Amino acid sequence: MNKLLLYVRQALHMMKEERLFSGIYIAGTALAIAFTMVIAVVYYAKLADIEPEVNRSRTVYVLPMLEIPKNGYELKEPTNFYSLNEMKEWFYPMKSAEVISASIKISDFFRDKAYAWYKDSKPVPVVERLVDANFFKVYHFHFVYGRPFAPADSLSPICIISRDISEQLFGKEVNPVGKVLTATTDLRVVGVIEPTSSIAEQSFGQLFIPQSDGANMMTIVLKEGCSVADLEKELEEIAHKRSVSSKNLDYSFENRIWPHAQLQLSGGRELSSWKDILLALFPQVFVLLLVPALNLSGLVAARMKRRLPEMGVRKAFGAKRRELLHQVITENLVLTLWGGIVGLVITWLLLYVFRSWVFFAVSNHATTMPEPTIEGEMLFSPLIFLIALAVCLIVNLMSAAIPAWLSLRNPIVESMNQKK
Amino acid sequence: METIIKLTDINKVYRTEEIETQALENVNIEVGKGEFLSVMGPSGCGKSTLLNIMGLLDEPTSGTVELCGTTISHNLSDNQLADFRNRTLGFVFQSFHLISSLNVLDNVQLPLLYRGIGYSERIRRAKEVIERVGLSHRMKHTPVQLSGGQCQRVAIARAIIGNPEIILADEPTGNLDSKMGADILGLLKQLNEEDGRTIVMVTHNEQQAQQTKRIIKFLDGRQIQ
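These figures come from a predicted structure and were not determined experimentally.

A. Expanded view of the overall build of chain A. Broken down by element type, chain A carries 14 helices and 15 strands. Across the 420 residues of chain A, 40% fall into the buried class.

The following block contains the structure:
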């Protein structure tokens, strides 16, 4: 530990002495880290359990069943909707599901802009969602006023709005519960929620209306300890029972069950969580880091050459090669950590300035979604810091270890006689 | 007198693709414990090479090195050699070789750091030897803030902090004016006489060499006296 402190002190001293080297090294590291962190933060914001989508890691989206004619034709057509009765009868009793929400695929909602107004006010564009009572159990919204929907609300002309819309329609600090706004029809406000970020697009909405007709997507939160496979098994049993009872059709859930991460990334990946995605992304990230690391290792090699006399003296007084390697890596880590801090700041700036482009780069609804707000939870999660630290360590090891090791192989006398 | 350094049939040849240079030829030297030996000779005669071989900083092409009764074999690993140097040898170089980014206290404690001695003990001993070389008021200074003579005093403090049996000084006064040179030589003599440390000093300065207990002279890699 004492050695470590001594190395850190020396590193800080050298930072002041070699400002050009330190500046270039920190800038290079910062950019490498920033690019990597942008990727990490985007995936984190889209895939991790963050408000209001706090159950993402156990949320599964189930599209309508496939209908396969029994006459032997291969034609497969998905059924259009799950009716509410169907949901209650077939799906609500499933043992692996904690909550099931009947909803409409977001792609069916965000095609057109909706508007809402109050009395003679100017119409305000809103993102409108048809949801059931369980929607507010799947997603965690903060209610400023009023309440979420209850099961009995399904046919009522009521709505829940977000605070930003409420302020535009009714004014600031006004409780609009009980007031009637007009959207597709007249709707009485029963609740106001804190606005959420459109980055969480599965839950995002500004005007929520009770679902009455049925759903073309089920959002299921798995019970703790249950897996997607458990749910698949139950769903296939339901499909089988329906197939047996049908004269003309067989039913199947093949390719209809999408864990959150898979849905968010438009499928194609057999990954169930954002952690798996990050692991899958590791080779690309590694290459992304390798290029700056190679450049930085050139800088470190040049610096090591300048420091050969010092290394020679240390060896003369009993330093072992691994101790010197440890020292160089520690000193470098000080610079890399500075690079990491600067890199994180650049990451946040990049994400703030280019938020629409960055967060909707993989979304089909970018044109209809409002500009995303970035929540602190997305940027300042301990996990994001851990990832940043890991990236720092990788860059540090890649850039410092090899040139240091090579230069430390020099004979002592040769090192000491090296001109500074 | 107990022999503490014994070099037997030492040869050192530097080879490049085009040229072969015999730096040392059949050198045989014995140094007794507590001796203060000067090695003299013109530039390029092999004095520093001899000192590097004695100090295990370089390997002879052939011959045997024995220090404190231990024969240094080719089989010793780098780590074993590092340990041996750390415990047995102290070095003083002409150009001081202090680490510019460390202050006096940190420079001096370096050998103890690699011996695995704890922080407080390192600091205590470093302060002790810094006081002994008369630099207590400069502990927090970096080498660039010191004069040449002060730097060499720091180097001497670093050489003796680990309490080594042998101190090897390669032209310790070469970069100093005569007054500072005399000071440094006085310090080395004090270490020899009061502590009984064995000192081998390479020097060009006949007058300084005369103040040591024995002189050996080199010419073209051979010991001539």
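B. Representation of the overall build of chain B in the model. Scanning chain B from terminus to terminus reveals 8 helices and 10 strands. In chain B, which comprises 225 residues, the share counted as buried stands at 46%. A sequence separation of at least 24 residues applies to 73% of the contacts in chain B between residues at least 6 apart.

C. A look at the interface of chain A and chain B. Contact residues are listed per partner, giving 22 residues for chain A and 21 residues for chain B. Broken down by secondary-structure element, the contributors of at least two residues to the side of chain A that touches chain B are helix H1 (2–17), helix H9 (308–316), helix H10 (321–353) and helix H14 (412–417) of chain A. Here the side of chain A that touches chain B gets 7 residues from one element, more than from any other, and that element is H1 of chain A. In terms of residue class, the side of chain A that touches chain B is built from 10 nonpolar, 4 polar and 8 charged.

D. Layout of the environment of Asp49 of chain A. All names here are of chain A. Within the fold, Asp49 resides in the loop between helix H2 (19–47) and strand E1 (59–62). Separated by 10 residues in the primary sequence, Asp49 and Thr59 place their C-alpha atoms 9.9 Å from one another. Sequence-distant contacts of Asp49, defined by excluding residues within four places in its chain, comprise Val54, Asn55, Arg56 and Ser57.

E. Here's a closer look at helix H1 (residues 47–54) of chain B. Residues and elements named next belong to chain B. When you tally the buried positions in H1, you get 8 out of 8 residues, the bulk of the element. Of the positions making up H1, those classed as buried are Lys47, Ser48, Thr49, Leu50, Leu51, Asn52, Ile53 and Met54. Phi turns positive, to about 60°, at Leu56, one or two residues after H1.

F. Structural context of the packing of H2 of chain A against helix H13 (residues 382–407) of chain A. Residue and element names in this part refer to chain A. Contact geometry for H2 and H13: axes closest at 10 Å, N-to-C directions at 145°. The crossing of H2 and H13 is right-handed. Together, Thr29, Ala32, Ile33, Thr36, Met37, Ala40, Val41 and Tyr44 of H2 and Leu383, Ile384, Ile387, Ala388, Val391, Cys392 and Val395 of H13 make up the contact between the two elements. Taken together, the residues of the contact of H2 with H13 break down into 13 nonpolar, 2 polar and no charged.

G. Here's a closer look at the sheet that holds strand E1 (residues 3–15) of chain B. All names here are of chain B. Strand order in the open sheet formed by 4 strands is E2-E1-E4-E5, with antiparallel pairing between adjacent strands. Each of the sheet's edge strands pairs with one partner strand only, and the pair in question is strand E2 (20–32) and strand E5 (70–72). Here the average twist between neighbouring strands, direction ignored, is 20°. Those strands touched by H1 are E1, E2 and strand E4 (62–67), and its axis lies near 120° from that of E1.

H. Structural view of the confidence of the model for chain B. Across chain B, the average pLDDT comes to 92, with 100% of residues at or above 70. The ipTM, which scores confidence in the relative placement of chains, is 0.93 for this predicted complex, and the corresponding pTM is 0.70.

I. Summary view of the environment of Val221 of chain A. Residue and element names in this part refer to chain A. If you trace the backbone, Val221 turns up in strand E13 (residues 217–222). You can call Val221 buried: it has 22 C-beta atoms within 10 Å. Residues Val221 and Val99 lie 122 residues apart in sequence; the distance between their C-alpha atoms is 5.2 Å. For Val221, the contacting residues outside a window of four places in its chain are Asn55, Arg58, Thr59, Glu98, Val99 and Val138.

J. Geometry of the pairing of strand E12 (residues 207–210) of chain A. Residues and elements named next belong to chain A. Alternating residues of E12 divide into Leu207 and Ile209 and Phe208 and Pro210, and every residue in both groups is buried. Relative to E12, strand E7 (residues 128–131) runs parallel, the two being bridged by 4 bridges. Residue pairing for E12: Leu130 is matched across the bridge by Ile209. Pairing analysis gives 2 bridges linking strand E9 (residues 158–162) to E12, with the strands arranged antiparallel. Looking at the pairing, Ile160 lines up with Phe208 of E12.

Cut-offs used in this document
- Residues numbered from 1 in each chain as written.
- Chains lettered and ligands numbered in written order.
- Predicted model: local features only at pLDDT ≥ 70, side-chain atom pairs only at ≥ 80, totals over all residues.
- Helix = DSSP H or I, 4+ residues; strand = E, 2+ residues; numbered from the N terminus.
- Buried ≥ 20, exposed ≤ 12 C-beta atoms within 10 Å, placed from the backbone.
- Contact = placed C-beta atoms within 7 Å.
- Nonpolar A, V, L, I, M, F, W, Y, C, P; charged D, E, K, R; others polar.
- Axes fitted to C-alpha atoms, helices over the stretch in contact; angles between N-to-C directions.
- Left-handed = near helix turned anticlockwise from the far one by under 90°.
- Pairing = 2+ DSSP bridges.
- pLDDT = per-residue confidence, 0-100.

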